[in-house]
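# Structure assessment
Each chain, written out:
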Amino acid sequence: MVHREYHKLASLCKGVRYTVRQPVFRPRRMCYSVPKIEELAPLGSVIENAKRAAAYRAVDENLDVFSHKVIGVGSGSTVVYVAERLGQYLKDARFKDYVSKFTCIATGFQSQQLIIDNGLNYGVIEQNPNIDIAFDGADEVDHQLQLIKGGGACLFQEKLVSTSAEKFIVVADSSKRSPKLLGVNWRQGVPIEVAPPAYVKVKNELLSQLNAASVVLRQGGKAKAGPIVTDNNNFILDADFGQIENPKELHDKIKAMVGVVETGLFIDNAAKVYFGNSDGTVEVMVK
Ligand SMILES: O=C(CO)[C@H](O)[C@H](O)COP(=O)(O)O
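Thresholds, definitions, all that
Residues numbered from 1 in each chain as written. Predicted model: local features only at pLDDT ≥ 70, side-chain atom pairs only at ≥ 80, totals over all residues. UniProt positions renumbered as here; feature names shortened; annotations may be inferred. Helix = DSSP H or I, 4+ residues; strand = E, 2+ residues; numbered from the N terminus. Rg over C-alpha atoms; globule rule 2.2 N^0.38 Å. Contact = placed C-beta atoms within 7 Å. Core = buried A, V, L, I, M, F, W, Y, C linked by C-beta atoms within 7 Å. Buried ≥ 20, exposed ≤ 12 C-beta atoms within 10 Å, placed from the backbone. Domains from an automatic or database assignment. Axes fitted to C-alpha atoms, helices over the stretch in contact; angles between N-to-C directions. Parallel < 35°, antiparallel > 145°, perpendicular 65-115°, else oblique. Left-handed = near helix turned anticlockwise from the far one by under 90°. Pairing = 2+ DSSP bridges. Near = placed C-beta within 6 Å. Nonpolar A, V, L, I, M, F, W, Y, C, P; charged D, E, K, R; others polar. Arc of directions from axis to C-beta.

With an unreviewed UniProt entry as reference, the chain is termed Ribose-5-phosphate isomerase, source organism Torulaspora globosa. Of the chain, the UniProt comment under Catalytic activity (unreviewed entry) reads exactly: "aldehydo-D-ribose 5-phosphate = D-ribulose 5-phosphate".

## Considerations on the overall build of the chain
Looking only at helices and strands, the chain has 8 helices and 14 strands in total. Relative to the compact-globule value of 19 Å for 287 residues, the chain shows a C-alpha radius of gyration of 26 Å, a clear excess of over 25%. C-alpha atoms of the chain, sized along the principal axes, occupy 105 × 40 × 40 Å. Here the analysis covers contacts within the chain between residues at least 6 apart in sequence; of these, 75% occur between residues at least 24 apart.

## Focus: the nonpolar core
Counting residues in hydrophobic clusters, the biggest one holds 71 residues, and the most contacted among them are Val73, Val82, Val170 and Val171. It is helix α3 (residues 79-91) that contributes the most residues to this core, 8 residues altogether. Residues lining this core come from more than one domain, with at least three contributed by each of domain 1 (44-180 + 265-286) and domain 2 (190-263). Dropping the residues within four chain positions of it, Val73 is found in contact with Val79, Val82, Ala83, Cys104, Ile105, Ala106, Ser111, Leu114, Ile115 and Phe135.

## Regarding unusual backbone geometry
Trans peptide bonds make up most of the peptide bonds, and negative phi angles are found at most residues other than glycine. For Leu145, which is not glycine, the phi dihedral falls at a positive 70°. With respect to the helices and strands, Leu145 occurs in the loop between β5 (140-141) and β6 (147-148). Its identity as a non-glycine residue notwithstanding, Asn233 has a phi of 65°, on the positive side. Positionally, Asn233 belongs in the loop between β9 (214-217) and β10 (235-240).

## Quick look at the packing of helix α2 (residues 46-62) against α3
Direction vectors running N to C along α2 and α3 enclose 45°, while the axes themselves pass 8 Å from each other. With respect to their mutual orientation, α2 and α3 come out oblique. As α2 runs across α3, the sense of the crossing is right-handed. Here α2 contributes Lys51, Arg52, Ala55, Tyr56, Ala58 and Val59 to the contact with α3, which in turn contributes Val79, Tyr81, Val82, Arg85 and Leu86.

## A short note on the sheet that holds β5
By definition, the strands of a sheet pair up through backbone hydrogen bonds, in either a parallel or an antiparallel sense. Here we have 3 strands laid out as an open sheet, ordered β5-β6-β12, and antiparallel in their pairing. The open sheet is flanked by β5 and β12 (265-266), the only strands paired with a single partner. Direction of pairing for β6 relative to β12: antiparallel, over a ladder of 2 bridges. Looking across to β12, one finds that Leu147 is bridged to Phe266.

## Digging into the site of the ligand
The immediate surroundings of the ligand are formed by 17 residues, with Gly76, Ser77, Gly137, Gly151 and Gly152 found nearest. Each residue belonging to the shell around the ligand can be placed in one class, and the counts come to 4 nonpolar, 9 polar and 4 charged.

## Brief notes about the environment of Asp238
Looking at the element boundaries, Asp238 is found in strand β10. Distance in space between the C-alpha atoms of Asp238 and Ser214 is 8.1 Å, their sequence separation being 24 residues.

## With respect to helix α7 (residues 199-208)
By the burial criterion, the buried members of α7 are Val202, Lys203, Glu205 and Leu206. The buried residues of α7 occupy an angular sector of 165° when the element is viewed end-on, so they sit on one face. Residues of α7 that are exposed and point more than 90 degrees away from the buried face comprise Asn204 and Ser208. Lining the buried residues of α7 we find β8 (190-194), β9, β10 and β11 (260-263).

## Here's the deal with helix α8 (residues 247-255)
Every α-helix winds through 3.6 residues per turn, so residues three or four apart in the chain are directed the same way. If you check which residues of α8 are buried, you get Pro247, Leu250, His251 and Ile254. Projection of α8 onto a plane perpendicular to its axis shows the buried side chains occupying an angular sector of 100°, all on one side. Considering only its buried residues, α8 is in contact with β8, β11 and β12.

## Observations regarding the domain arrangement of the chain
Taken domain by domain, the chain consists of domain 1 (44-180 + 265-286) and domain 2 (190-263). Listed by partner, the interface residues are 14 residues for domain 1 and 16 residues for domain 2. Examining the composition of the side of domain 1 that touches domain 2, we find that 4 residues originate from one element, helix α6 (residues 155-163), more than from any other. Residue classes in the side of domain 1 that touches domain 2 are distributed as 8 nonpolar, 5 polar and 1 charged.

Okay, here's the thing in structure tokens:
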């Protein structure tokens, strides 16, 4: 019987000793569950939809909530959605007990903030050197899953975290996919993190020994007068080598220069790459 009918019955029965009880309406308690990808409301831009689709799919298909404990969270605009997805798992009663015990390792200040803002536990790699799984973005991916990273100047810590992970998963929009080689779509050059006093020496060697077409000391632009200083207090050189036939050989030669902390060439590191398309579909590349 609906509520209105109880009132009607009560008024008809005035003077008669009937007791009409008001029904108790208890609102159904809604439990939070991790939203299904296919039911998500679209975001304001197609590129953001692509990034979110890639990141959410990568987390859903690779994170083992019940056995993973130490999770690497990278830097950039795509990984924002990785941290968001982890935060959704944390809120879901089915996974909360496990996700609340995760330790998340950052690749720089931005990712530290992403971890904290999503309610996850932040830990340092010095105490958690064995990472179960790490997620990060990329600037370019070649046909063999070799990567250029460091567009956001976080390459040293990104490489530390990704190479400390048992499984490294890359999330990107499809513009990051090279038709074949590195250096096709990403024309800014290979990011190289250098100790500040060595930047002129390294720049000269990249030009003279490795025939770089140009080497630029990355500047802070409007946000900072002078060069960018990384989270590790280093500089970034962007060295243009055109299309890179042999990224491993190039990485080894750059790495051998005194003053180079790390290169943005990530070699034989990624297990899978999730490319989000503008229509919300995702393509997965596996080695
Ligand atoms: O390497 C990086 C930062 O150093 C980023 O992962 C890379 O630049 C990709 O960023 P985005 O997801 O914003 O495209």
